[in-house]
Amino acid sequence: GTTIITLTASDGTNSADCTFNVVVSDTTAPTITCPADQNEIADGTGMFTLPDYTTLATATDNCSVTSITQSPVAGTMIGLGTTVITLTVSDGTNTIDCTFNVTVTDDEAPMITCPADQTGDVDTACMFTIPDYTGLATATDNAGTPTVTQSPIPGTMVGTGTTIITLTASDGTNSADCTFNVVVS
């Protein structure tokens, strides 16, 4: 701030004053150390609500720290992947930033429901070609629409009898299976 300085000259009997201002300013930025990168788990909708990470930072200043702010702010919903978090410390005059990453992952497997058992008839060579049954499955996931694959793969030739078909729903991180039978006669 500003301080008024008064100088007084005196000869023992008479005196005279003059004044001037001393303006003190803080030109030293504070320091901040961000927390380490954070790994978080998505909720049932594939989202994560950012908490207040400012309490994990270490900030110092030659005068005093007046605030630490976060961007995106606490309470912001973020999806899967990595989001850069910026923390800003201020001493009322100067500011400085630090950044760290928040990586949100999905640990919830998709849900898959297989169709009922299927039947098939052999061709003239006494073989049956397994069709693509993935469209008959119902698959959902908290992080979008999962990919459904089949084993044995469509186009596989089988003879008479029962073949177990496994359908797998994957969200890229987690997977779930279901099975049903194909009875070939």
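Residues numbered from 1 in each chain as written. Predicted model: local features only at pLDDT ≥ 70, side-chain atom pairs only at ≥ 80, totals over all residues. Heavy atoms only, no water.

Moving on, we come to the side chain of Thr163. Note that Thr163 resides in strand β17 (residues 161-170). Residues within four places of Thr163 in sequence aside, it is in contact with Ile130, Pro152, Val158, Phe180, Asn181 and Val182. (Helix = DSSP H or I, 4+ residues; strand = E, 2+ residues; numbered from the N terminus. Contact = heavy atoms within 4.5 Å.)

Attention now moves to unusual backbone geometry. Backbone torsion omega between Ser71 and Pro72 reads -10°, so that peptide bond is classified as cis. Its place among the elements puts Pro72 in the loop between β7 (67-71) and β8 (77-78). With omega at -5°, the peptide bond leading from Ser151 into Pro152 counts as cis. For Pro152, the position within the fold is in the loop between β15 (147-151) and β16 (157-158). Despite not being glycine, Cys126 shows a phi value in the positive range, around 65°. Within the secondary structure, Cys126 is located in the loop between β12 (118-120) and β13 (128-129).

If you walk through the whole model with that rule in mind, you get 2 disulfides. In this model Cys34 forms its disulfide with Cys98; the gap between the sulfur atoms is 1.9 Å. Between Cys34 and Cys98, the disulfide has an S-S torsion of 85° and is therefore right-handed. Of this pair, Cys34 sits in the loop between β3 (31-33) and β4 (38-41) while Cys98 sits in strand β10 (residues 95-105), and the two are 64 residues apart along the sequence. (Disulfide = S-S within 2.5 Å.)

Further remarks concern the environment of Val65. Note on placement: Val65 falls in the loop between β6 (58-60) and β7. Sequence spacing of Val65 and Thr95 is 30 residues, and the spatial spacing of their C-alpha atoms is 9.7 Å. Apart from the residues within four sequence positions on either side, Val65 is in contact with Ala59, Thr60, Val89 and Ser90.

On the surface, a cluster of nonpolar side chains totalling about 330 Å² of accessible area is made up of Leu7, Phe20, Val22 and Val24. For Leu7, the position within the fold is in strand β1 (residues 2-10). (Patch = residues over 30% accessible without salt bridge, like charges linked within 9 Å, V, L, I, M, F, W, Y side chains within 5 Å. Areas by Shrake-Rupley, 256 points an atom, 1.4 Å probe, with all protein chains shown as cover. Salt bridge = Lys/Arg side-chain N within 4 Å of Asp/Glu carboxyl O.)

Okay, the packing of aromatic side chains next. For the structure on display, the rule yields 2 aromatic pairs. Centroid distance Tyr53 to Phe100: 5.3 Å. Interplanar angle 85°. Geometry classified as edge-to-face. Residue Tyr53 is found in the loop between β5 (48-49) and β6, and its partner Phe100 is found in strand β10; the two are separated by 47 residues along the sequence. Across the pair, Phe100 and Tyr53 agree in class, each one buried. Centroid distance Tyr133 to Phe180: 5.2 Å. Interplanar angle 90°. Geometry classified as edge-to-face. In this pair, Tyr133 sits in the loop between β13 and β14 (138-140) while Phe180 sits in strand β18 (residues 175-184), placing the two residues 47 residues apart along the sequence. Across this residue pair, the class does not change: Tyr133 and Phe180 are buried. (Phe/Tyr/Trp six-rings, centres within 6.5 Å; stacked < 30°, edge-to-face > 60°. Buried < 20%, exposed > 50% of the residue type's maximum accessible area, 1.4 Å probe, protein only.)

Coordinates in, geometry out; function isn't part of it.
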